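What the coordinates show
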Amino acid sequence: MWQRVVVVLVATGVMCGGRLAAEPVRINTLGWMQGCWQLTSNGRTIDEQWMAPGGGAMLGTSRTVVNGTLTEFEFVVLREKGETLVYEAHPAGQFGASFTLASTDATSVVFENLTHDFPQRIGYRRHGDRLDAWIEGTLDGRAQRAEFPYARVACPAK
């Protein structure tokens, strides 16, 4: 019985996050993330900026400022790797980590690394002039999730 299921899935193509699993995913599909995004709350401002797709990659930076002082920053490379995409995070003062594409559609993407301490998943969803980002996973045996509802802002001129 299971052989027939496999044959049907192979013959028809398996849907994965709104795309056929057999289709290669290219960085241009995430062009909706490009631009400058900001979250301000309780004296904390997080700026996230994504360059346009180019050369099979997108570069992103993030900066957190609390009461006028830089408290965190991160560099990210989203790149094509074979038939899929990889999210390579380089947070300040920490080892880098890679997360592989888990799902994507026209306005959202999720990357996953189940062996990473925390987070195990990183996601983005675009809603017009909003970019909702989140990290989630298990930390100390408990499910955790942090959300970052960014608004589009003008990119700095300099």
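To be clear, the structure that these remarks concern was listed above.
A few points on the structure.

Looking now at the overall build of the chain. In terms of helices and strands, the chain carries 1 helix and 12 strands. When its helices and strands are written in sequence order, the chain yields α-β-β-β-β-β-β-β-β-β-β-β-β. Within the chain, the fraction of its 158 residues that count as buried is 33%. Only carbon and sulfur atoms are counted for the fraction: they give 56% of the accessible area of the chain, which is about 9,600 Å².

We now examine the side chain of D132. Looking at the secondary structure, you find D132 in strand β11 (residues 130-139). Judged by its relative accessible area of 14%, D132 is buried. There is a polar contact of 3.4 Å between the side chain of D132 and the side chain of H127. Side-chain polar atoms of D132 contact the side chain of R130, separated by 2.4 Å. Not counting residues up to four positions away in its chain, the partners in contact with D132 are G123, Y124, R125, H127, F148, P149 and Y150.

The next subject is the state of the cysteines. Applying the stated rule across the entire model yields 1 disulfide. In this model C36 forms its disulfide with C155; the gap between the sulfur atoms is 2.0 Å. As the torsion about the S-S bond is roughly 115°, the C36-C155 disulfide counts as right-handed. Of the two residues, C36 sits in strand β3 (residues 35-41) while C155 sits in the segment after β12 (142-153), which places them 119 residues apart along the sequence. Residue C155 is classed as partly exposed on the basis of its relative accessible area, which comes to 40%.

Looking at where T64 falls in the secondary structure, it is placed in strand β5 (residues 57-66). Assessed through its relative accessible area of 7%, T64 is described here as buried. Apart from the residues within four sequence positions on either side, T64 is in contact with R44, T45, I46, T69, L70, T71 and E72.

One pass over the structure, following the stated rule, counts 9 salt bridges. In this structure, D47 and R63 form a salt bridge, with 3.3 Å as the shortest nitrogen-oxygen distance. Of the two residues, D47 is situated in strand β4 (residues 44-50) and R63 in strand β5; the sequence distance between them amounts to 16 residues. What makes D47 buried here is its relative accessible area of 19%. Looking at R63, the relative accessible area reads 44%, which means it is partly exposed. A salt bridge links E147 to R145; the nearest nitrogen and oxygen atoms lie 2.8 Å apart. Classification of R145 as partly exposed rests on a relative accessible area of 44%.

Criteria and cut-off values
Residues numbered from 1 in each chain as written. Predicted model: local features only at pLDDT ≥ 70, side-chain atom pairs only at ≥ 80, totals over all residues. Heavy atoms only, no water. Helix = DSSP H or I, 4+ residues; strand = E, 2+ residues; numbered from the N terminus. Buried < 20%, exposed > 50% of the residue type's maximum accessible area, 1.4 Å probe, protein only. Areas by Shrake-Rupley, 256 points an atom, 1.4 Å probe, with all protein chains shown as cover. Polar contact = N/O pair within 3.5 Å; in protein donor to acceptor, adjacent residues only side chain to side chain. Contact = heavy atoms within 4.5 Å. Disulfide = S-S within 2.5 Å. Salt bridge = Lys/Arg side-chain N within 4 Å of Asp/Glu carboxyl O.

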